[in-house]
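# A structural walkthrough
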Amino acid sequence: MQSLGEAARVVLLTADPHDKRRAARGLARAWRRGELAHRCDVAMPDRPAWPDRPELLTPAQMPRRRKGGSERGRIAMLHALAHIEFAAIDLAVDLVGRFGDLFPRGFVDDWIGVAADEAMHFALLDRRLRALGSHYGALPAHAGLWEAAEATADDVLARLAIVPMVLEARGLDVTPATVERFRAVGDEASARILERIYTDEIRHVSAGTSWFGWLCDERGFPAVETWQRLVKERFRGQLKPPFNDSARHDAGLTQEYYAVIAS
């Protein structure tokens, strides 16, 4: 029987975006059908395979996106979000393949589901870009999305603290305003896609917070203080308000975690 680690590695080494999306959903189906052994017995690649396009730029090189409602600006925003969702497929699969055998099966259930969600989100955004006359890869994208994975490849607590509990939680803060900007210019199709993603991301942040707390309990660590220490040590940015306290609370990420260390 193929191992979970072997199947995860296949997804990570698939470069074509649509093949990667299909591979991630196939991984989820194989796991749910009991076709994969709960073993993470192969090394995950340092970096996943990505396509030649989009061109990847540093944050300083990225063109500034206007907040206006022009079609060009909306395409740029949707493209940026599509790239985030594409990278998020690899982040979820790497988490499972690298650390899955440290946890009970429920951990794999959750993060395999996250990977499938991210694949679906990418497909929705790419389809919307095509309806607007563009496509994923047509614009440059941020090169730094994998840095959080590289910086936490040695420590699953750090990975959970940074990726779902900081980076994905930031999406909960900014998405409602983005939805309203799309809706204000009559782009209801895009607004509905972003609302779907927002709802799913609450569940993803919840999975990160829950499993972070579970492992802290297993190791006898205080969860809040451990999270704050890891964010200070491993996160290169800053936690900046405003925060969507309601959505974060729904995900179990209460203010006691982030209010004290936010800038």
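All of these numbers come straight from a predicted model, not from anything done at the bench. (Residues numbered from 1 in each chain as written. Predicted model: local features only at pLDDT ≥ 70, side-chain atom pairs only at ≥ 80, totals over all residues. Heavy atoms only, no water.)

Together, Arg25, Arg29, Arg32 and Arg33 make up a positively charged patch on the protein surface. Take Arg29: it is sitting in helix α2 (residues 17-32). (Patch = residues over 30% accessible without salt bridge, like charges linked within 9 Å, V, L, I, M, F, W, Y side chains within 5 Å. Areas by Shrake-Rupley, 256 points an atom, 1.4 Å probe, with all protein chains shown as cover. Salt bridge = Lys/Arg side-chain N within 4 Å of Asp/Glu carboxyl O. Lys, Arg positive; Asp, Glu negative; His and termini not counted. Charge placed at Lys NZ, Arg CZ, Asp CG, Glu CD. Helix = DSSP H or I, 4+ residues; strand = E, 2+ residues; numbered from the N terminus.)

Time to look at the environment of Ala143. Here Ala143 is to be found in the loop between β2 (141-142) and α5 (147-151). Ala143 sits in the partly exposed class, given a relative accessible area of 26%. Contacts of Ala143, omitting those with residues within four sequence positions, involve Leu56, Leu57 and Thr58. (Buried < 20%, exposed > 50% of the residue type's maximum accessible area, 1.4 Å probe, protein only. Contact = heavy atoms within 4.5 Å.)

What follows covers the nonpolar core. Formed by 82 residues in total, the largest nonpolar core has its most connected members in Leu4, Trp111, Leu160, Phe212, Trp227 and Leu239. Apart from the residues lying within four places of it in its own chain, the contact partners of Trp227 are Ala161, Met165, Val166, Phe212, Leu239, Tyr257, Tyr258 and Ile261. (Core = buried A, V, L, I, M, F, W, Y, C linked by side-chain atoms within 4.5 Å.)

Attention now moves to the pattern of salt bridges. When charged atoms on two side chains of opposite charge get close, those side chains can pair. Throughout the structure, instances matching the rule amount to 21 salt bridges. For Arg170, the salt bridge identified is with Asp173, shortest N-O distance 3.3 Å. Here Arg170 pairs with Asp173, and both are found in helix α6 (residues 156-184), just three residues apart, close to one helical turn. Residue classification places Arg170 among the partly exposed positions, given a relative accessible area of 33%. The class for Asp173 is buried, based on a relative accessible area of 13%. Residue Arg183 is joined to Glu188 by a salt bridge in which the shortest nitrogen-to-oxygen separation is 2.9 Å. A single network of salt bridges, built from pairs that share partners, joins Glu180, Arg183, Glu188, Arg192 and Glu195.

Looking now at the packing of helix α3 (residues 71-99) against helix α4 (residues 105-131). The contact between α3 and α4 brings their axes to 8 Å, and the two run at 160 degrees. Overall, the two elements α3 and α4 adopt an arrangement that is roughly antiparallel. The element α3 and its partner α4 pack so that their crossing is left-handed. (Axes fitted to C-alpha atoms, helices over the stretch in contact; angles between N-to-C directions. Parallel < 35°, antiparallel > 145°, perpendicular 65-115°, else oblique. Left-handed = near helix turned anticlockwise from the far one by under 90°.)

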